[in-house]
Amino acid sequence: MNIYVLLKRTFDTEEKIAISNGRIEDDGAEYIINPYDEYAVEEAINLRDEHGGEVTVVTIGEEDSEKQLRTALAMGADKAVLINTEDDLEEGDQFTTVKILEAFFEDKEADIVLAGNVAIDEASGQVGPRLAERLGMSCVTTITSIKVDGEKANIERDVEGDVEKVETSLPLLVTCQQGLNEPRYPSLPGIMKAKKKPLEELEIDDLDLDEDDVEPKTKTIEIFLPPEKQAGKVLEGETDDQVKELVSLLKTEAKVL
Amino acid sequence: MSKKVLVIGEAREGSLRNVTFEAIAAANIVSDGGEVVGVLCGDGDLSALGQEMVYYGAEKVITVSNPELKTYTSDGYAQAVMEVINDESPEGIIMGHTAVGKDLTPKLASRLESGLISDATEVVAEGGNIVFTRPIYSGKAFEKKEITDGLVFATIRPNNIPSLERDEALTGQVTEKEVSITNIRTIIQDVIRKSSDGVDLSEAKVIVAGGRGVKSAEGFEPLNDLAEVLGGTVGASRGACDAGYCDYSLQIGQTGKVVTPDLYIACGISGAIQHLAGMSNSKVIVAINKDPEANIFNVADYGIVGDLFDVVPKLVDEIKQMKVNA
């Protein structure tokens, strides 16, 4: 099976966000594989181990994204592709990303493409379903289980807490939700092997695209931090009194009861 | 510049979701005096639901009824909505950022080769441009965004943009459109309901959330009672999910759901940065924790230092008492 994973490098979830010169400060930030994409990498490896084939991890990013690709290779992916837009693109949105991926996939004959259902930074959740539409693949979002049998796939997906059981067929793009699996940590031999696995680097020019083709449809005009939440009132006294006071405060002061 | 704006409505168990009315209010801002047109897909007679959209501010509503649209599939709904888009040629589209909205709108935007701003919490018209505010990094920061080319297409986060007043004096045409639905590639075989009374976390007005301090699956019982008496729903921290006390679908935080209810009651949750990202924009936060140093108290409006198994049942009784007195 020809399996692809869409991967994004994101800030570590531990990172606090600061803004300087109107941009998110990234100096000294720690990066990880977007956690939902990690589920995708794990599931891709499991599908390959069960059905054979090859797992290729694809990212759009910059030179530094190689680190997250190597991590995915160390987990067990076979090949990686870095589409480096550092020199070509100043701005992009989901339209841009999907335009590039569409060009990349044009000659690929993917059986399954796995992606995270959302990235924890920009959190649009658009790239997976947008790409499926461009590639004419069926698409199932927020999956928590997948069984592939020949051309058929049986999937469970999370729909706002309910479980929907879906049957569909390959070629297929799925987006992964928490609960799908428990991503493995790369093993030491895995890390050693990853250094020798193929990592191809492309630029948009290699995909016959130029800047105008991928011009974004949206623009960020301002980034700001939410007002810092002030610590409130910690109640005192016997529990019974605290509870009475709380209910009264919620009713009269906060007006939420 | 006035625009024609389409609102994709969403019904759940026979009634419209609140976010549909909020979407009409957002569309009203985007349309800037233009026309707000509703579209509603489903099976059976949808005219009463269409009428309801009119009472909340849609100037006309197009319903598409077909047995194939009884449950949502992206292929079926995309086909139906695309036909309405082709008929109406809207200059804007607004929908709720719900499970259906998240699944459907990127596919429509991709087909239309348009931009899409997801999960907006605020919409304002600023000097001829429509500016959307949306959380990034799970609410650790926000960005203001606008569409630079083509269709003004956005999804809005439930519970953030106030809907317009319901007004039965409002009139508008509700018309049914026939659409033949073909080529549905995904077949829904079964839906297992797990969420309590169909109240989704992202739309809940009140959330009672449990963390590691809940100690077991049974430990969620008093939290369920509290949620019930408040008409809310139960959520959890990653700690509680990882420990197996509850399902991952309840997880609130940077991985998991990001929620903004009117009232968030955190029980036995320490307040890791990832959890705070998912809930700190709630309107009122109550923290109940044994540890007075717990980080959750730094974002709480009201805190009780104490054992949740002591405090929560007393809180349930007190609220019940309050309701009796009222």
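Computed from a prediction, not measured in an experiment: that's the story for all the values here.

**Looking at the overall build of chain A**
Looking only at helices and strands, chain A features six helices and 15 strands. Looking at the 257 residues of chain A, the share that counts as buried comes to 51%. Sequence-distant contacts, at least 24 apart, represent 70% of the contacts inside chain A between residues at least 6 apart. Total accessible area computed for chain A in this model is approximately 12,000 Å², and 42% of it derives from carbon and sulfur atoms.

**Some details on the overall build of chain B**
Within chain B one finds eight helices and 18 strands. For 326 residues, the compact-globule formula gives about 20 Å, and the C-alpha radius of gyration of chain B, at 21 Å, lands near that figure. Dimensions along the principal axes, computed over C-alpha positions, put chain B at roughly 60 × 45 × 45 Å. Counting across all 326 residues of chain B, residues that qualify as buried make up 62%. Taking as baseline every contact in chain B between residues at least 6 positions apart, the subset at least 24 positions apart corresponds to 65%. For chain B, the exposed surface amounts to about 12,100 Å²; the carbon and sulfur share of it is 46%. Taking the average place of the 29 positive charges on the side chains of chain B and the average place of its 46 negative ones, the gap between the two points comes to 5 Å.

**Considerations on the domain arrangement of chain B**
Residues and elements named next belong to chain B. One can read the domain layout of chain B as domain 1 (5-177) and domain 2 (201-325). One C-alpha centre belongs to domain 1, the other to domain 2; they are set 31 Å apart. In this complex, domain 1 contributes 12 residues to the contact, which on the side of domain 2 involves 13 residues. A combined buried area of about 1,100 Å² lies between domain 1 and domain 2, and 36% of that area is made up of carbon and sulfur atoms.

**A closer look at the packing of aromatic side chains**
One pass over the full model with this rule turns up nine aromatic pairs over all chains. Ring centres 6.2 Å apart and planes at 80° place the aromatic pair Tyr 4 of chain A and Phe 104 of chain A in the edge-to-face group. Placement of Tyr 4 of chain A in strand E1 (residues 2-7) and of Phe 104 of chain A in helix H3 (residues 94-105) is noted, with a sequence separation of 100 residues between them. With 5.8 Å between their ring centres and 20° between their planes, Phe 224 of chain A and Phe 142 of chain B make a pair best called stacked. Of the two residues, Phe 224 of chain A sits in strand E14 (residues 218-224) while Phe 142 of chain B sits in strand E10 (residues 141-147), which places them in two different chains. On the basis of relative accessibility, which here comes to 12%, the residue Phe 142 of chain B falls in the buried class. Members of the aromatic cluster, each reached through a chain of ring pairs, are Tyr 4, Phe 104 and Phe 105 of chain A. Seen from the ring of Tyr 31 of chain A, Arg 9 of chain A lies directly overhead, with NZ or CZ sitting 3.5 Å from the centre. The ring centre of Phe 104 of chain A lies 4.2 Å from the NZ or CZ of Lys 108 of chain A, which sits over that ring.

**Observations concerning the environment of Leu 250 of chain A**
Residue placement: Leu 250 of chain A occurs in helix H6 (residues 239-252). We classify Leu 250 of chain A as buried; its relative accessible area is 2%. Taking the C-alpha atoms as reference points, Leu 250 of chain A and Glu 215 of chain A, 35 residues apart in sequence, are found 49 Å from one another. With residues up to four places along the chain from it excluded, the contact list for Leu 250 of chain A reads Lys 255, Val 256 and Leu 257 of chain A together with Leu 263, Val 284, Val 286 and Tyr 302 of chain B.

**Some words on the interface of chain B and chain A**
Contact residues are listed per partner, giving 84 residues for chain B and 79 residues for chain A. Roughly 7,200 Å² is buried in total at the junction of chain B and chain A, and carbon and sulfur atoms are behind 54% of that figure. Lys 144 of chain B is the partner of Glu 222 of chain A in a salt bridge, and the nearest nitrogen-oxygen pair spans 3.9 Å. At the surface where chain B touches chain A, the tally comes to 45 residue pairs in polar contact (both at pLDDT 80 or more). Among the elements that line the side of chain B that touches chain A, the one with the most residues is helix H4 (residues 99-111) of chain B, at eight residues. Its residues assigned to classes, the side of chain B that touches chain A shows 32 nonpolar, 25 polar and 27 charged. Across two bridges, the pairing between strand E15 (residues 233-234) of chain A and strand E18 (residues 302-305) of chain B is parallel. Looking across to E18 of chain B, one finds that Val 234 of chain A is bridged to Gly 303 of chain B.

**With respect to a nonpolar patch on the surface**
Taken together, the side chains of Leu 188, Ile 191 and Met 192 of chain A define a hydrophobic patch exposed on the protein surface, amounting to about 300 Å² of accessible area. In this structure Leu 188 of chain A comes out as exposed when scored by relative accessible area, which is 63%.

**Examining the state of the cysteines**
This structure, assessed with the given rule, holds zero disulfides over all chains. In this structure Cys 139 of chain A is a free cysteine whose sulfur lies 11 Å from that of Cys 176 of chain A, the closest cysteine sulfur available. Of all cysteine sulfurs, the one in Cys 241 of chain B lies closest to Cys 246 of chain B, which takes part in no disulfide; the gap is 3.8 Å.

**Section: the packing of helix H4 (residues 127-135) of chain A against H4 of chain B**
Running from N to C, H4 of chain A and H4 of chain B cross one another at 45°; their axes reach a closest spacing of 8 Å. Judged on the interaxial angle alone, H4 of chain B and H4 of chain A are oblique. As H4 of chain A runs across H4 of chain B, the sense of the crossing is right-handed. Of the residues in H4 of chain B, those in contact with Pro 129, Arg 130, Glu 133 and Arg 134 of chain A of H4 of chain A are Lys 102, Asp 103, Pro 106, Lys 107, Ala 109, Ser 110 and Arg 111 of chain B.

**With respect to the domain arrangement of chain A**
Along its sequence, chain A is organised into domain 1 (2-214) and domain 2 (229-257). For domain 1 of chain A versus domain 2 of chain A, the separation of C-alpha centres amounts to 46 Å.

Conventions adopted
- Residues numbered from 1 in each chain as written.
- Chains lettered and ligands numbered in written order.
- Predicted model: local features only at pLDDT ≥ 70, side-chain atom pairs only at ≥ 80, totals over all residues.
- Heavy atoms only, no water.
- Helix = DSSP H or I, 4+ residues; strand = E, 2+ residues; numbered from the N terminus.
- Buried < 20%, exposed > 50% of the residue type's maximum accessible area, 1.4 Å probe, protein only.
- Contact = heavy atoms within 4.5 Å.
- Areas by Shrake-Rupley, 256 points an atom, 1.4 Å probe, with all protein chains shown as cover.
- Rg over C-alpha atoms; globule rule 2.2 N^0.38 Å.
- Lys, Arg positive; Asp, Glu negative; His and termini not counted.
- Charge placed at Lys NZ, Arg CZ, Asp CG, Glu CD.
- Domains from an automatic or database assignment.
- Buried area = accessible area lost by both parts, 1.4 Å probe.
- Phe/Tyr/Trp six-rings, centres within 6.5 Å; stacked < 30°, edge-to-face > 60°.
- Lys NZ or Arg CZ within 6 Å of the ring centre and 35° of its normal.
- Salt bridge = Lys/Arg side-chain N within 4 Å of Asp/Glu carboxyl O.
- Polar contact = N/O pair within 3.5 Å; in protein donor to acceptor, adjacent residues only side chain to side chain.
- Nonpolar A, V, L, I, M, F, W, Y, C, P; charged D, E, K, R; others polar.
- Pairing = 2+ DSSP bridges.
- Patch = residues over 30% accessible without salt bridge, like charges linked within 9 Å, V, L, I, M, F, W, Y side chains within 5 Å.
- Disulfide = S-S within 2.5 Å.
- Axes fitted to C-alpha atoms, helices over the stretch in contact; angles between N-to-C directions.
- Parallel < 35°, antiparallel > 145°, perpendicular 65-115°, else oblique.
- Left-handed = near helix turned anticlockwise from the far one by under 90°.

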